[in-house]
Amino acid sequence: MTVVRDTWLIFRHNVRISLRQKAGIVFGVLQPLLYLALFGPLFATIGTWEILVPGLLLQVALFSAGMAGFGIVFDARSGVLERLRVTPAHRVALLLGRVLGTSVTLLIQSVVLVAAGYAFGLRAPVPGALAGLVLMILLGIGLAALSNAIALTMNPDAFAPVMGTAMVPLLLLSGAFLPMSMAPGWLDALSRVTPFRHVLEALRELFAGRYATGTVAAGVAVALALAVACVAVGTRVFNRENA
Amino acid sequence: MIKTSALSKTFPGGVEAVRGVDMAVEAGEIVGFLGPNGAGKTTTMRMLTTLLTPSGGSATVAGHDLVTGPREVRRRIGYVSQGGGIGPADPVGEELELHAMLYGMRPAEARERVAELLDLFSLTGLADRPGGALSGGQRRRFDLAFGLVHRPSLLFLDEPTTGLDPQSRADLWAHIRRLRDEHGLTVFLTTHYLDEADALADRLIIIDHGVIVAEGTPAGLKGGTGTLDDVFLSITGRSLRDGTTDEGR
């Protein structure tokens, strides 16, 4: 099982690197925490913390895992990626180890955010919150794999502006800040096309303590399908000769 | 150790970077692979190290077919790219241990091998430093350590001394010679420095416009009269540093 061993080695190495970059972890969760502190009390007058906190978790996932490709841009520039590609390590391990490493960072940021949410007034049942964190990890795997694939495919200088620009509409369309049920019909329909709305709705169900529902099943299925598809695409890009 | 037959590479858009290369490298040889910028050196080396898939022809590297057994080839070769492969922020010793374990070494074995290489390349005490805190010469010696960590039988070096001061270049040459003499390592290197090719290589292979245009020992090519610069100019019509960039070719 060299794939598993190689994945573990790359994963462990990437976690060590991530944990050394404490500033990156802190700044990744700082913006959602500010939303929680400065927007939360306002939102609480029309909604609940169980609606807002899952939205902020999605924001963390999009901006943390979605920007994971930055790391591979640096590794490609410094020659580290090419050095690894000449080893006999499996290509899927080179990607998956890196992606799972990103998920650990996302998990830390998500735990901090949920803990802060409880301090502000979140009343989600603990099993629901834990299940939500698992769903976030699944989403993070898909997003990080896609981000790495995009980073290897496009002009490295364009990666940050393109991804930054793409993340904002995706976040708004997910209904992170206000439920899309309040949106006009066309916007509601458009948001249903994005996978993030389905994942977010499942997350809100879990935070509300409802587990065996169609919404949860749909959200988990979408997150799982996204993870499998994005890892497959990412591995294909890693295998490509000029990647 | 290396045998190619009509090896070629055509990039999308129809650019023929390598057009039917036939060559053979014997075990224990140091072979200098020379050519002007854009001649096809880097493309050939990237194919031989499995980083590029050939468009045509065949090649056996370290006893395995390049196309059907790339992982077996990777297990047996070391590769040091022109720019090296050391990140600026991570401790090099840790990176080196990971690299060793990706070749199947157990953690204790990897640590032992890393210590051995640090000693071999006079890098002891530098393992905890991030790549960005190393001098050019130290970085290049670490690059060599990465290429050798799994005790390959064949080492590819792409422009190994570019950007190094004369002392560091001389040190690196000494290391390469010692590896061949003491460990029987086969070395296939590209270089822009004819003095380096002259001093290091047992045999030279010259490529131009994607085809091999000459090969022989440095003394044989010089014929006892000219310099390698003269030989190179007469064969290719260009000096070694003329032409367009070799990037991506």
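Residues numbered from 1 in each chain as written. Chains lettered and ligands numbered in written order. Predicted model: local features only at pLDDT ≥ 70, side-chain atom pairs only at ≥ 80, totals over all residues.

Residue and element names in this part refer to chain B. Pairing is mixed in the open sheet, where six strands are placed in the order β6-β7-β8-β3-β9-β10. At either margin of the open sheet sits one strand with a lone partner, and together these are β6 (77-80) and β10 (211-216). Each strand of the sheet is rotated relative to its neighbour by a mean of 15°, with strand direction disregarded. In the sheet, strand β7 (residues 154-158) pairs with strand β8 (residues 186-190) via five bridges, with the strands oriented parallel. Looking across to β8, one finds that Phe-156 is bridged to Phe-188. (Pairing = 2+ DSSP bridges. Helix = DSSP H or I, 4+ residues; strand = E, 2+ residues; numbered from the N terminus. Axes fitted to C-alpha atoms, helices over the stretch in contact; angles between N-to-C directions.)

This paragraph deals with the environment of Val-80 of chain B. Residues and elements named next belong to chain B. Checked against the element boundaries, Val-80 lands in strand β6. Accessibility expressed as a C-beta count within 10 Å gives 25 for Val-80, which makes it buried. Separated by 88 residues in sequence, Val-80 and Ser-168 have C-alpha atoms that sit 16 Å apart. (Buried ≥ 20, exposed ≤ 12 C-beta atoms within 10 Å, placed from the backbone.)

Residues and elements named next belong to chain B. In this structure, Ala-62 takes a positive phi of about 50° despite not being glycine. Here Ala-62 shows up in the loop between β4 (56-61) and β5 (64-65). Here Ala-62 falls in the buried class, since 20 other C-beta atoms lie within 10 Å of it. A positive phi angle, close to 55°, is found at Ser-122, a residue other than glycine. On the secondary structure map, Ser-122 appears in the loop between α4 (107-120) and α5 (136-148).

Neighbouring strands of a sheet are bound in pairs by backbone hydrogen bonds; such pairs are parallel or else antiparallel. Residues and elements named next belong to chain B. With antiparallel pairing, four strands are arranged side by side in an open sheet as β2-β1-β4-β5. Bordering the open sheet on either side are β2 (15-25) and β5, each of which pairs with just one other strand. As defined by bridge partners, strand β1 (residues 2-11) adjoins β2 across eight bridges and the pair is classed as antiparallel. Residue pairing across strands places Lys-9 opposite Val-18, the latter belonging to β2.

All names here are of chain B. Most of strand β9 (residues 203-208) sits inside the fold, with five of its six residues counted as buried. Direction of pairing for strand β3 (residues 30-34) relative to β9: parallel, over a ladder of four bridges. When the sheet's bridge partners are listed, Gly-32 is paired in β9 with Leu-204. Here β9 runs beside β10; their pairing, made up of five bridges, is antiparallel. In the sheet register, Leu-204 faces β10, and the bridge partner there is Gly-216. With antiparallel pairing between neighbouring strands as the criterion, β9 and β10 make up a hairpin whose turn holds two residues, including His-209 at a positive phi of roughly 50°.

As a further point, take the packing of α5 of chain B against helix α6 (residues 166-183) of chain B. A packed helix pair is summarised by two numbers, namely the angle formed by the two axes and the spacing between the axes. All names here are of chain B. Where α5 contacts α6, the axes come no closer than 10 Å and their chain directions differ by 15°. Overall, the two elements α5 and α6 adopt an arrangement that is roughly parallel. Crossing of α5 over α6 shows right-handed handedness. Each of Gly-136, Gly-137, Arg-140 and Leu-144 in α5 lies in contact with α6, whose residues at this interface are Ser-168, Asp-171, Leu-172 and His-175. (Parallel < 35°, antiparallel > 145°, perpendicular 65-115°, else oblique. Left-handed = near helix turned anticlockwise from the far one by under 90°. Contact = placed C-beta atoms within 7 Å.)

With that settled, the discussion passes to the environment of His-150 of chain B. All names here are of chain B. With respect to the helices, strands and loops of the structure, His-150 is situated in the loop between α5 and β7. Along the primary structure His-150 and Gly-104 are separated by 46 residues, whereas in three dimensions their C-alpha atoms are 8.8 Å apart. Setting aside chain neighbours within four positions, we find His-150 in contact with Ala-100 and Tyr-103.

Attention shifts here to the confidence of the model for chain B. Detailed reading of the predicted coordinates is not advisable wherever pLDDT is low. Residues and elements named next belong to chain B. The pLDDT averaged across chain B works out to 87; a share of 94% of its residues lies at or above 70. Highest mean pLDDT in chain B belongs to β4 (95); lowest belongs to helix α9 (residues 228-236) (75). Segment residues 243-249: pLDDT under 50, and 17 contacts once partners within four positions in sequence are set aside and those in other chains are kept. Both scores are given for the predicted complex: the pTM is 0.85, the ipTM 0.85. (pLDDT = per-residue confidence, 0-100.)

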